[in-house]
Amino acid sequence: MKIIVAEDDAVSRERLCNSLFVLGHEVQAYTNGREALEGFLASPSSVIISDWIMPELDGIEFCRALRDEHAKAFVYFILVTAKSANAADYDEAAVAGVDDFLVKPLDSDEISRRLRVAERVLRYTSQIRRLTDLIPICMYCKKIRTDGDYWQSIENFIHEHTGSDFSHGICPDCYDHYSAGPQRTES
């Protein structure tokens with residue numbers, strides 16, 4: 001997986017990156033949340049491991065900004081905490097959108113376990129997105145069934161969901177078929 005690491009402590013950052021490389025992951029490392037967010041927006045990843053306490057943009061602010069600015073695909077966000085974190089701290093992080101936690105000092109086996117969970121969650125999220133992206137459409141009239149079992153034209157459905165409008169025309173095949181008028185048969 002491609003993983004972004006945000007850690008201001010050089011030694012901790014290097015140890016974490018080395019552990020991730022050994023596990024076979026591609027890593028982009030940054031020294032604070034602001035740099036990591038900019039790096040993510042330039043080249044997204046599926047997993048982020050961020051220290052909680054950092055200059056410029058801490059881990060919770062980073063997570064919150066990521067969730068606010070990037071709703072296209074799910075990103076698994078792991079926050080690295082100190083042992084002194086309490087229940088209120090964890091609640092604040094969960095509300096901000098943090099998915100999982102690692103406690104310092106980091107252990108390679110624990111990192112590996114968390115990343116296996118992240119892979120599973122990302123796979124399921126991708127499957128769910130594909131299923132919800134299916135649109136039930138009538139094979140005859142091309143109307144779309146909405147959640148309330150109401151059938152509406154494809155034009156109205158797309159306008160309602162995207163704001164897009166249509167201009168209608170006739171493709172060459174339909175023009176040839178329909179412009180010839182009714183076909184007469186000789187008896």
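Residues numbered from 1 in each chain as written. Predicted model: local features only at pLDDT ≥ 70, side-chain atom pairs only at ≥ 80, totals over all residues. Heavy atoms only, no water.

1. Considerations on the overall build of the chain
Stage number 1. Helices and strands together make up the secondary structure of the chain, namely 7 helices and 7 strands.
Stage number 2. Mapped in sequence order, the helices and strands of the chain form the string β-α-β-α-β-α-β-α-β-α-β-β-α-α.
Stage number 3. Whereas a compact globule of 187 residues would reach a radius of gyration of roughly 16 Å, the chain reaches 25 Å, over 25% beyond that.
Stage number 4. With the C-alpha coordinates aligned to their principal axes, the bounding extent of the chain is approximately 90 × 35 × 30 Å. (Helix = DSSP H or I, 4+ residues; strand = E, 2+ residues; numbered from the N terminus. Rg over C-alpha atoms; globule rule 2.2 N^0.38 Å.)

2. Brief notes about the environment of tryptophan 151
Stage number 1. Turning to its location among the elements, tryptophan 151 is positioned in strand E7 (residues 151–152).
Stage number 2. The class of tryptophan 151 is partly exposed, set by a relative accessible area of 36%.
Stage number 3. When residues no more than four places from it in sequence are discounted, the contact partners of tryptophan 151 are Pro136, Ile137, Cys138, Lys143, Ile144 and Arg145. (Buried < 20%, exposed > 50% of the residue type's maximum accessible area, 1.4 Å probe, protein only. Contact = heavy atoms within 4.5 Å.)

3. Concerning the side chain of glutamate 7
Stage number 1. If you trace the backbone, glutamate 7 turns up in the loop between strand E1 (2–6) and helix H1 (10–22).
Stage number 2. In terms of polar contacts, glutamate 7 uses its side chain to reach the backbone amide nitrogen of aspartate 9, at 3.0 Å.
Stage number 3. What glutamate 7 contacts, discounting residues up to four positions off in sequence, is Ser12, Arg13, Tyr30, Thr31, Asp51, Met54 and Lys104. (Polar contact = N/O pair within 3.5 Å; in protein donor to acceptor, adjacent residues only side chain to side chain.)

4. Quick look at the packing of aromatic side chains
Stage number 1. For the coordinates displayed, the defined rule picks out 3 aromatic pairs.
Stage number 2. The interplanar angle of 70 degrees and the centroid separation of 5.3 Å between the aromatic rings of phenylalanine 62 and phenylalanine 77 together place this pair among those described as edge-to-face. Taken together, the residues phenylalanine 62 in helix H3 (residues 59–69) and phenylalanine 77 in strand E4 (residues 76–81) connect sequence positions 15 residues apart.
Stage number 3. Note on phenylalanine 77: relative accessible area 0%, which makes it buried.
Stage number 4. Each ring, one from tyrosine 90 and one from phenylalanine 101, has its centre 4.6 Å from the other, and the planes form 85 degrees; the classification is edge-to-face. Taken together, the residues tyrosine 90 in helix H4 (residues 87–96) and phenylalanine 101 in strand E5 (residues 100–103) connect sequence positions 11 residues apart.
Stage number 5. Look at tyrosine 90 and you get partly exposed, because its relative accessible area is 24%.
Stage number 6. Classification of phenylalanine 101 as buried rests on a relative accessible area of 18%. (Phe/Tyr/Trp six-rings, centres within 6.5 Å; stacked < 30°, edge-to-face > 60°.)

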